[in-house]
Amino acid sequence: MKKIMLSIVIIFSIFVSFEYGLSKENVVQEISPTVPDRLKKQLETFNGSYGTEVASIYSERKYSPIWIEDYDLNESGEQLIQTLSDAVQQGLDPQDYEADEIQWLLRTIRLFSVDDHIARTEMLWKLETVLTKNFFKFADHLTAGRISPEAVNGKWYLTDHRHSLTSLMSDALERGVSATFTKIASGHDGYTPLFKALASYRTIQTQHGWPVISDGPLLGSGSHGERVRALRRRLSATRDLKSDPDNNVFNKEVVEAVRRFQQRHGLTVDGLLGPVTLKELNVPVEARIKQILINLERRRWMPRGLGDDYVYVNIPDYMLTAFLDGNEGMRMRVIVGKPMSQTPIFSDTIEYVVFNPYWYVPRSIATEEIFPKFREDPLYLQTKNYELVDWDEQVLESDLFTLENLENNIVRLRQRPGPSNALGLVKFMFPNDHAIYLHDTPADYLFDESERDFSHGCIRIEDPRAFAEFLLGETYTPEKITEIYKTQKREVVDMSQTVPVYIVYFTSWVDNDGLINFREDIYGHDERLWQALKPALSNTLARPHITDKWIYGLSDKRASEIPHYYAAKH
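Here is a short report on the structure shown in this document. What you see is a predicted model; the values in this text were computed from it and never measured. (Residues numbered from 1 in each chain as written. Predicted model: local features only at pLDDT ≥ 70, side-chain atom pairs only at ≥ 80, totals over all residues. Heavy atoms only, no water.)

Brief notes about the overall build of the protein chain
Counting secondary structure elements, the protein chain contains 22 helices and 17 strands. Residue pairs at least 24 apart in sequence account for 68% of intrachain contacts in the protein chain once pairs closer than 6 positions are excluded. Split by element, the accessible area of the protein chain, about 27900 Å² in all, is 50% carbon and sulfur. (Helix = DSSP H or I, 4+ residues; strand = E, 2+ residues; numbered from the N terminus. Contact = heavy atoms within 4.5 Å. Areas by Shrake-Rupley, 256 points an atom, 1.4 Å probe, with all protein chains shown as cover.)

Structure representation (structure tokens):
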């Protein structure tokens, strides 16, 4: 069969040559005898994506092939093709890396004998450049994401110092392709556990997902019936429940399984099946897979090497985690911005702590919220401990508190230090363009809510005293901090060592116990990112034909006519 196909190709190429005034010898002359020569000629007109990287790497190698040896694929080439074919395991799409074209090229190359250097060379240089371009593309996607975060909503301000793509190629040639890509992926904090969770959820999908639990009354310990049986099967699918899934009794194992599910979904942990827990249980597996894919892309955007000491705030989780020497030092609840005043995603460095801070009221809050109350009650500023100041911090009379003065930046409104101050008794400063910081709050009761998006953008923390002790060290004991609070005088303490802070947005991750977590997409970032990712999923090239111009080296005009002739004859 191979000999028949080879004969067809040879006869057809000769026919095409005569059809357009070319002799067989001219066709052979157009085909360079070696892969390096053919590569050099091809790269003179190469204008595809990653052209700079492709040209650079081959120039350094004097156009020696990377993936080809002895007129066949070498071990590195085989590893790369396998890696690109398995891209789905990384939450990526093999079709983004021309998987169909690569497989077609391989099949076509193997129609020709290894000894048929001319025929093989013409195909091999094409395979070589396709593999190189897609090495860079895959490495770029793993390193920095498939799309730019700015293309989604412009609210991702985290940056990273990334290795050049050509240096990653050099690393791959030295260490091996598989080892290099594993190193790239694992360099992103939390990435590897998440793509392993993706594989687990895809396995659940192949097993037809999990059952839907019908609506009904609250279920708890001692309940029984078909809804309990469905609940047990649902919890068993995600291994929250380890015991018999076909039982219909809500026993202590089910209570613990529900609590585990609630914990990893950020719900109130009570072991009861109420409407909120029911809603989360009935989210289909396909939606959870989509959520994991979205968050894998965010992981690829993240800086690598967050350091040993840093602060990490995950907005949808409403939690702050502080790390010391690479280990979790403390964890506490936070309050983040409302959907209409979102907390931005960015990183910075905590430089100093302010005890008994003033709160300088943002102009929008002063004009829209406080001024109307002042018009109704002239004593409102005094009652709430506000004062009016100019830009030199000089206190002004309250009768200068007008919309005109506010809008023209003639006056500023601030709240004096004290227990009722909106920032509480301490704030933690990392000067940034977003005017965002961490701070205390007098409204402690809000921390009892499971959904804590109540602020104007800044982040309120549950235990500021403990956080201050954590950042400032042994010098600032609880007793000393209490004494500072009592003075109600502003005091600034510079950090002896600054600490990075990362404010991030993840709606799915794997925790320290190896459990996959999911959270609500409170700002709608997930859907915007998914819509941006979808075109990339369909970014495929048409399957090439054996008569394509790159096989014969014909001109565009001649090549464009060949498929019509071929179709007419067949």
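What to know about the packing of aromatic side chains
In this description, a pair of aromatic rings is defined by centroid distance and the angle of the planes. Inspection of the entire model under this criterion finds 21 aromatic pairs. Seen in terms of ring centroids, phenylalanine 135 and phenylalanine 136 are 5.7 Å apart; in terms of plane orientation they differ by 80°. Their pairing is edge-to-face. An identical accessibility class is assigned to phenylalanine 135 and phenylalanine 136; each is buried. On the basis of an interplanar angle of 65° and a centroid distance of 5.7 Å, the ring pair of tyrosine 201 and phenylalanine 518 is categorised as edge-to-face. Of this pair, tyrosine 201 sits in helix H10 (residues 191–206) while phenylalanine 518 sits in strand E17 (residues 516–518), and the two are 317 residues apart along the sequence. The pair formed by tyrosine 201 and phenylalanine 518 is uniform in burial state, with each residue classed as buried. An aromatic cluster is defined as three or more aromatic residues linked by ring pairs; in this entry it consists of Trp67, Tyr97, Phe135, Phe136, Phe138 and Phe181. The aromatic ring of tryptophan 391 is capped on one face by arginine 412, whose charged end is 4.2 Å from the ring centroid. When the ring centre of tyrosine 437 is taken as origin, the NZ or CZ atom of lysine 427, which lies over that ring, is 5.1 Å away. (Phe/Tyr/Trp six-rings, centres within 6.5 Å; stacked < 30°, edge-to-face > 60°. Buried < 20%, exposed > 50% of the residue type's maximum accessible area, 1.4 Å probe, protein only. Lys NZ or Arg CZ within 6 Å of the ring centre and 35° of its normal.)

Focus on the pairing of strand E15 (residues 491–504)
With 4 bridges connecting them, strand E3 (residues 310–314) and E15 associate as parallel partners. Residue pairing across strands places valine 313 opposite isoleucine 503, the latter belonging to E15. Pairing of strand E6 (residues 346–355) with E15 involves 9 bridges; the strand directions are antiparallel. Pairing of isoleucine 350 across the sheet is with valine 499, part of E15. (Pairing = 2+ DSSP bridges.)

Here's the deal with the pairing of strand E4 (residues 319–324)
The buried count for E4 comes to 5 of 6 residues, which makes it a mostly enclosed element. With 5 bridges connecting them, E3 and E4 associate as antiparallel partners. Across the sheet, the residue bridging to tyrosine 312 is threonine 321, located in E4. A loop of 4 residues connects E3 with E4, the two strands running antiparallel in sequence, and tyrosine 318 in this loop sits at a positive phi of about 55°. As paired elements, E4 and strand E5 (residues 327–337) share 6 bridges and run antiparallel to each other. From the neighbouring strand, threonine 321 faces E5, where its bridge partner is arginine 331.

Some words on unusual backbone geometry
Even without glycine at this site, lysine 62 takes up a positive phi of about 55°. Within the secondary structure layout, lysine 62 lies in the loop between helix H4 (51–60) and strand E1 (68–69). Taking relative accessible area as the criterion, lysine 62 reaches 71% and is therefore assigned exposed. One non-glycine residue, tyrosine 318, lies in positive phi territory at about 55°. Along the polypeptide, tyrosine 318 turns up in the loop between E3 and E4. The buried category is assigned to tyrosine 318, whose relative accessible area is 5%.

Points about the pattern of salt bridges
The full count for this structure, using the stated rule, is 21 salt bridges. Residue arginine 519 pairs with aspartate 317 through a salt bridge whose shortest N-O separation is 2.8 Å. A residue pair is termed long-range when its members are at least 10 positions apart, and arginine 519 in the loop between E17 and helix H20 (525–537) and aspartate 317 in the loop between E3 and E4 qualify at 202 residues. Each member of the pair arginine 519 and aspartate 317 is classed as buried. For arginine 412, the salt bridge identified is with glutamate 393, shortest N-O distance 2.8 Å. (Salt bridge = Lys/Arg side-chain N within 4 Å of Asp/Glu carboxyl O.)

Side note on the sheet that holds strand E8 (residues 386–389)
Sheet architecture is open: 4 strands sit in the order E7-E10-E8-E9, paired in antiparallel fashion. Only two strands of the sheet have a single partner each, and these edge strands are strand E7 (359–360) and strand E9 (395–396). Here 2 bridges tie E8 to E9, and the two strands are oriented antiparallel to one another. Within E9, the position partnered with leucine 388 by the bridge is leucine 396.

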